[in-house]
Amino acid sequence: MKTDHSFDAVVIGAGPAGSLAAYQIARAGFSVLLVEKHPVVGVPVCCAEGITVEGLTKVVPLDRRWVCSDISRITLHGPDGTAVAINHPAAGYILDRTIFDRDLAARAAAAGATLWVNAEAVGIVSADGQLFDRVIVSRGGRTESIGCRIIIGCDGVESLVGRWAGMDTLLLPENMDSAAQILLGDLRGLDQHQMEFFILPELAPGGYVWVFPKSPTTANVGLGYTPSLGDGRTALARLKSFVDVRYSSASKLATNCGGIPAFRGRKIMTNKNVLLAGDAARLLDSLSGAGIANALLSGKYAGQTAAEYLNAGAPRLAMLRQYPERFMRDKGRNLRYLLYARQIFMKMSTQDFNDVVVFLKSVFDGKTIHEVDAVSIIKSILRAKPRLLTLARHLFW
Ligand SMILES: Cc1cc2nc3c(=O)[nH]c(=O)nc-3n(C[C@H](O)[C@H](O)[C@H](O)COP(=O)(O)OP(=O)(O)OC[C@H]3O[C@@H](n4cnc5c(N)ncnc54)[C@H](O)[C@@H]3O)c2cc1C
């Protein structure tokens with residue numbers, strides 16, 4: 001099959017990871033094609049849109065047009081109704097992902113990337129059985145073969161690029177959470193600057209319910225849980241039972257559902273001349289399910305490493321190992337620890353959760369903090385409640 005077009009690099013998926021990767025490659029002076037299967041970048045949104053200030057601004061300069069709400073308060077509700085409220089000026093943002101994703105893709109295009117929407121990658125090909133040198137793209141009823149020297153898969157949680165490249169991207173059922181979200185309108189008494197989390201082991205085993213305000217009267221209300229701990233009820237059915245009780249008079253403006261994979265380490269970040277970034281590489285915080293910041297950072301490092309590889313001329317695959325090295329140096333310890341905390345979280349009883357929230361209330365309630373370091377908070381919980389460590393003993397022996 002002859003190639004219809006050729007680029008130095010092809011990036012598959014125009015989410016945050018893909019747009020950052022394409023931006024880095026274009027900025028370094030190489031030709032890059034960014035393909036997005038949907039007709040509009042950033043639509044549909046399947047995300048609660050929360051991100052910390054650091055997670056965003058460490059990678060891209062903030063544009064206020066992306067921000068729906070500035071978050072300065074976090075409230076955690078335990079199963080028995082005990083609540084701990086923490087003031088945290090400049091904790092994070094609730095974004096408008098439609099504008100955010102579109103702007104990041106536009107930034108990549110402005111740097112020189114070619115963006116195709118309505119263009120779905122359907123396979124990758126290796127002519128010599130060694131390196132992958134083509135991406136097959138279905139666009140406008142036609143199948144096109146795109147020549148390239150490197151491929152970056154940023155195709156999200158349902159990624160196929162890794163599998164095409166021979167990586168083992170399958171997840172065990174206990175390592176894939178299921179989530180549903182409803183955008184609620186006509187809310188009364190909502191605090192636009194407060195994020196709320198509800199730990200409800202009966203309703204959301206292995207997960208939690210969130211309320212992330214987008215305006216004084218609208219909020220992303222969602223539920224994530226671990227299906228292997230459940231009874232067959234879907235995330236949406238569980239969420240509806242929460243919403244019907246707590247927000248019975250609100251209007252339901254949009255509904256979406258998605259999967260949230262647990263972190264897999266560096267195992268599926270590279271194979272041959274294919275890199276994976278963002279959710280495709282399972283680079284999420286396994287406790288909260290947050291993945292936007294890691295998608296941005298991994299997309300940036302994948303793009304930078306790809307540009308260095310392209311710059312070397314002859315294919316030097318060893319150079320691509322720099323990509324997982326860079327990302328893990330920055331985030332590996334944190335993500336491993338959160339995965340470990342998830343193993344404990346999944347085994348905690350309702351009483352354990354009540355005890356933890358009471359402990360957090362005694363330490364944090366009504367206080368103002370300026371930095372949230374999840375790892376330090378988890379360590380302080382484990383020091384105060386060493387019994388919880390026994391829930392994770394299978395990790396040690
Ligand atoms: C309900 C829910 C709530 C969440 N809330 C939060 C939150 O509040 N904060 C947070 O940090 N994270 C959250 N996450 C996770 C977050 O949404 C992801 O981690 C993040 O979007 C990952 O970015 P990405 O670029 O890797 O993938 P995505 O944003 O999923 O982008 C992948 C893109 O690839 C495209 N694509 C896929 N296959 C192909 C193909 N074959 N060809 C061309 N294009 C393709 C898709 O259409 C999509 O545009 C949530 C997830 C869910 C499900």
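Attention here is on the structure that accompanies the text. (Residues numbered from 1 in each chain as written. Predicted model: local features only at pLDDT ≥ 70, side-chain atom pairs only at ≥ 80, totals over all residues. Heavy atoms only, no water.)

**Observations regarding the site of the ligand**
Inference 1: In the region of the ligand, 36 residues are neighbours, and Glu-36, Ala-48, Gly-50, Asp-279 and Ile-292 sit closest.
Inference 2: Between His-38 and the ligand, the recorded distance is 3.0 Å, taken from a side-chain N or O atom to an oxygen atom.
Inference 3: Here a nitrogen atom of the ligand sits 2.8 Å away from a polar atom, N or O, in the main chain of Gly-50.
Inference 4: In isolation the ligand exposes 1000 Å². Once the protein is present, 89% of that is buried. (Near = heavy atom within 4 Å. Polar contact = N/O pair within 3.5 Å; in protein donor to acceptor, adjacent residues only side chain to side chain. Areas by Shrake-Rupley, 256 points an atom, 1.4 Å probe, with all protein chains shown as cover.)

**Considering the packing of helix H7 (residues 322-345) against helix H9 (residues 374-384)**
How two helices pack is summed up by the angle between their axes together with the distance between the axes.
Inference 1: Where H7 meets H9, the axes come as close as 10 Å, and the angle between the chain directions of the two elements is 40 degrees. It follows that H7 is oblique to H9 by the angle criterion. Crossing of H7 over H9 shows left-handed handedness. Only Ala-374, Val-375, Ile-378, Lys-379 and Leu-382 of H9 make contact with H7, whose side of the interface consists of Arg-333, Asn-334, Tyr-337, Leu-338, Tyr-340, Ala-341 and Ile-344.
Inference 2: Looking at the contact of H7 with H9 residue by residue, the class counts come to nine nonpolar, one polar and two charged. (Axes fitted to C-alpha atoms, helices over the stretch in contact; angles between N-to-C directions. Helix = DSSP H or I, 4+ residues; strand = E, 2+ residues; numbered from the N terminus. Parallel < 35°, antiparallel > 145°, perpendicular 65-115°, else oblique. Left-handed = near helix turned anticlockwise from the far one by under 90°. Contact = heavy atoms within 4.5 Å. Nonpolar A, V, L, I, M, F, W, Y, C, P; charged D, E, K, R; others polar.)

**Considerations on the packing of aromatic side chains**
Inference 1: Going through the model one piece at a time under the given rule, you end up with ten aromatic pairs.
Inference 2: Each ring, one from Phe-198 and one from Phe-242, has its centre 5.2 Å from the other, and the planes form 65 degrees; the classification is edge-to-face. Of the two residues, Phe-198 sits in strand E13 (residues 194-198) while Phe-242 sits in helix H5 (residues 235-246), which places them 44 residues apart along the sequence. An identical accessibility class is assigned to Phe-198 and Phe-242; each is buried.
Inference 3: Taken together through their ring pairs, the aromatic side chains of Phe-197, Tyr-208, Trp-210 and Phe-212 make up a single cluster.
Inference 4: In this arrangement the basic side chain of Arg-238 is found over the ring face of Tyr-225, its NZ or CZ atom lying 4.3 Å from the centre. (Phe/Tyr/Trp six-rings, centres within 6.5 Å; stacked < 30°, edge-to-face > 60°. Buried < 20%, exposed > 50% of the residue type's maximum accessible area, 1.4 Å probe, protein only. Lys NZ or Arg CZ within 6 Å of the ring centre and 35° of its normal.)

**Looking at H5**
Inference 1: For H5, built from twelve residues, the straight-helix expectation of 16 Å at 1.5 Å per residue is met to within 8% by its first-to-last C-alpha distance of 17 Å.
Inference 2: The complete set of buried residues in H5 reads Ala-235, Leu-236, Arg-238, Leu-239, Phe-242 and Val-243. Buried residues of H5 fall within an arc of 160 degrees about the axis and therefore sit on the same side.
Inference 3: Where H5 is buried, its residues touch strand E12 (176-185), E13, strand E14 (208-213), strand E15 (219-225) and strand E16 (251-261). (Expected span 1.5 Å × (residues − 1). Arc of directions from axis to C-beta.)

**Points about the sheet that holds strand E6 (residues 83-95)**
Inference 1: The eight strands lie next to each other as E4-E6-E5-E13-E14-E15-E12-E16, forming an open sheet whose pairing is mixed. A strand with exactly one partner marks an edge of an open sheet, and here the two such strands are strand E4 (50-52) and E16. Averaged over all adjacent pairs, the angle separating strand axes in this sheet is 30 degrees, with direction ignored.
Inference 2: For E4 and E6, the ladder comprises three bridges, and the chain directions are antiparallel. Residue pairing across strands places Gly-50 opposite Ile-94, the latter belonging to E6. (Pairing = 2+ DSSP bridges.)

**Considering the sheet that holds strand E7 (residues 114-116)**
Within a sheet, adjacent strands bond to each other through the backbone by hydrogen bonds, running parallel or antiparallel.
Inference 1: One open sheet accounts for six strands, arranged E7-E3-E2-E11-E18-E17; its pairing is mixed. Whereas interior strands pair on both sides, the edge strands pair on one side only; in this sheet they are E7 and strand E17 (270-271).
Inference 2: The pairing of strand E3 (residues 32-35) with E7 spans three bridges and is parallel. Residue Leu-33 lies in a different strand from E7, and its bridge partner there is Thr-114.
Inference 3: Here helix H6 (residues 292-311) sits on the sheet in contact with strand E2 (9-12), strand E11 (150-153) and strand E18 (274-276), set at roughly 175 degrees to E11.

**Things to note about unusual backbone geometry**
Inference 1: Pro-44 follows Val-43 through a cis peptide bond whose omega is 0 degrees.
Inference 2: Tracing the chain through its elements places Pro-44 in the loop between E3 and E4.
Inference 3: A positive phi angle is found at Ala-90, which is not glycine, with a value near 60 degrees.
Inference 4: Secondary-structure assignment places Ala-90 in strand E6.
Inference 5: Overall, Ala-90 belongs to the exposed group, its relative accessible area being 56%.

**Describing the pattern of salt bridges**
Inference 1: Taken as a whole and assessed by the stated rule, the structure comprises 19 salt bridges.
Inference 2: Note that Asp-191 is salt-bridged to Arg-73, the shortest N-O span being 2.8 Å. Here Asp-191 is found in the loop between E12 and E13, whereas its partner Arg-73 is found in strand E5 (residues 67-77), with 118 residues between them in sequence.
Inference 3: Across the pair Arg-238 and Asp-231 runs a salt bridge whose closest N-O atoms are separated by 2.8 Å.
Inference 4: The class of Arg-238 is buried, set by a relative accessible area of 1%.
Inference 5: Judged by its relative accessible area of 57%, Asp-231 falls in the exposed class.
Inference 6: Salt bridges here are not isolated pairs; linked through shared partners, they connect Asp-4, Arg-139, Arg-142 and Glu-144. (Salt bridge = Lys/Arg side-chain N within 4 Å of Asp/Glu carboxyl O.)

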